[in-house]
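Single-letter residue listing:
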Amino acid sequence: GSGPTVADPTTFAQARAIEAVRRGDVDGALRGVERALAFNGGDYHIAHLAAQMRVEQVRGIIARAAQGQNVQQEFQAAVSAAIRSADQAIRLNPEESLVRRTAASLYEVLIPFIDGSERFADANYAKAAELDPVHPMFLTERARARIAFADRVRQKSAGASEEQRKEAERIWESALQS
């Protein structure tokens, strides 16, 4: 007959995650996506959605830290989980430009806080641009990440020697030219 149909668990979990996103509940969305991954861990789209949700979670924690909350342990755990999610999505579909963009945006958010994250942001934006050379967004975002790095170097050099300040200026100028 024409009785009610039951969605598969993956579709149901994805729908719950989307509902949570619409409500602004990133943690609820993450729980939904994690449930969907539990049913179908090999689905690239779900893995990519998980990575995107994790990036948003990290952004939210950074915003709370800016308000003075002590979130160091939560930040470390969220960053580790976000990196794992991005890596999983890349493993499932390494030739997809948008998953590279998601990974790059994660590392870009981390530039002010974690040394070396600028290299991962830059490499992932470069790979996204290579995979989808027609899309101008990737190069724009890559330049923004480079400027964020140059800004961090510039801030760190405030009490530095003249040689270190010149190096910071060189990095800043290089970022502006990219």
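The preceding data block contains the structure.
All figures in this text were calculated on a predicted structure; none of them were measured in a lab.

Caption draft 1: Main features of the overall build of the protein chain. When helices and strands are counted, the protein chain shows 8 helices and 0 strands. Along its sequence from the N terminus, the protein chain presents helices and strands in the succession α-α-α-α-α-α-α-α. By the burial criterion, 40% of the 178 residues in the protein chain qualify as buried. Summed over all atoms, the accessible surface of the protein chain reaches about 10,300 Å², with 52% contributed by carbon and sulfur.

Caption draft 2: The packing of helix H3 (residues 44-66) against helix H4 (residues 72-92), seen in detail. Their axes nearest at 8 Å, the elements H3 and H4 cross at an angle of 155 degrees. Here H4 runs roughly antiparallel to H3, going by the angle between their axes. H3 and H4 meet at a crossing whose hand is left-handed. In contact with Tyr44, Ala47, His48, Ala50, Ala51, Arg54, Gln57, Val58, Ile61, Ile62 and Arg64 of H3, H4 contributes Glu74, Phe75, Ala78, Val79, Ala81, Ala82, Ser85, Ala86, Gln88, Ala89 and Leu92. When the residues that make up the contact of H3 with H4 are grouped by side-chain class, the tally is 15 nonpolar, 4 polar and 3 charged.

Caption draft 3: Geometry of the nonpolar core. Ranked by internal contacts, the top residues of the largest apolar core, which has 20 residues, are Val58, Phe75, Leu106 and Leu110. It is helix H5 (residues 97-110) that provides the largest number of residues to this core, a total of 5 residues. If we skip the residues at most four places from it in the chain, Leu110 touches Val58, Phe75, Val79 and Ser117. Counting residues in each nonpolar core, the second largest holds 18 residues, with Ala47, Ala51, Met53 and Val99 among its members.

Caption draft 4: Structural context of helix H7 (residues 137-156). When the terminal C-alpha atoms of H7 are compared, their 29 Å separation across 20 residues agrees well with the 28 Å that a helix rising 1.5 Å per residue should span. Among the residues of H7, Met137, Phe138, Glu141, Ala143, Ala145, Phe149, Ala150, Arg152 and Val153 are the ones counted as buried.

Caption draft 5: The arrangement of the side chain of Arg152 in detail. By the secondary structure assignment, Arg152 is in helix H7. Using a relative accessible area of 9% as the deciding quantity, one classes Arg152 as buried. Every residue in contact with Arg152, bar those within four places of it in the chain, is listed here: Ile111, Pro112, Ile114, Asp115 and Glu118.

Caption draft 6: Summary view of the packing of aromatic side chains. This model, assessed by the stated rule, comprises 2 aromatic pairs. On the numbers, 5.9 Å between centres and 65 degrees between planes, the contact of Phe75 with Phe113 is edge-to-face. Of this pair, Phe75 sits in helix H4 while Phe113 sits in the loop between H5 and helix H6 (117-131), and the two are 38 residues apart along the sequence. Assessed through its relative accessible area of 49%, Phe113 is described here as partly exposed.

Caption draft 7: Here's a closer look at the packing of helix H2 (residues 26-39) against H3. In contact at an axis separation of 9 Å, H2 and H3 are set at 155 degrees when each is read in the N-to-C sense. As judged from the angle between their axes, H2 and H3 are roughly antiparallel. Crossing handedness for the pair H2 and H3: left-handed. Judged by residue contacts, Val26, Asp27, Ala29, Leu30, Val33, Glu34, Ala36 and Leu37 of H2 engage Ile46, Ala47, Leu49, Ala50, Met53, Arg54, Glu56 and Gln57 from H3. Its residues assigned to classes, the contact of H2 with H3 shows 11 nonpolar, 1 polar and 4 charged.

Calculation rules
Residues numbered from 1 in each chain as written. Predicted model: local features only at pLDDT ≥ 70, side-chain atom pairs only at ≥ 80, totals over all residues. Heavy atoms only, no water. Helix = DSSP H or I, 4+ residues; strand = E, 2+ residues; numbered from the N terminus. Buried < 20%, exposed > 50% of the residue type's maximum accessible area, 1.4 Å probe, protein only. Areas by Shrake-Rupley, 256 points an atom, 1.4 Å probe, with all protein chains shown as cover. Axes fitted to C-alpha atoms, helices over the stretch in contact; angles between N-to-C directions. Parallel < 35°, antiparallel > 145°, perpendicular 65-115°, else oblique. Left-handed = near helix turned anticlockwise from the far one by under 90°. Contact = heavy atoms within 4.5 Å. Nonpolar A, V, L, I, M, F, W, Y, C, P; charged D, E, K, R; others polar. Core = buried A, V, L, I, M, F, W, Y, C linked by side-chain atoms within 4.5 Å. Expected span 1.5 Å × (residues − 1). Phe/Tyr/Trp six-rings, centres within 6.5 Å; stacked < 30°, edge-to-face > 60°.

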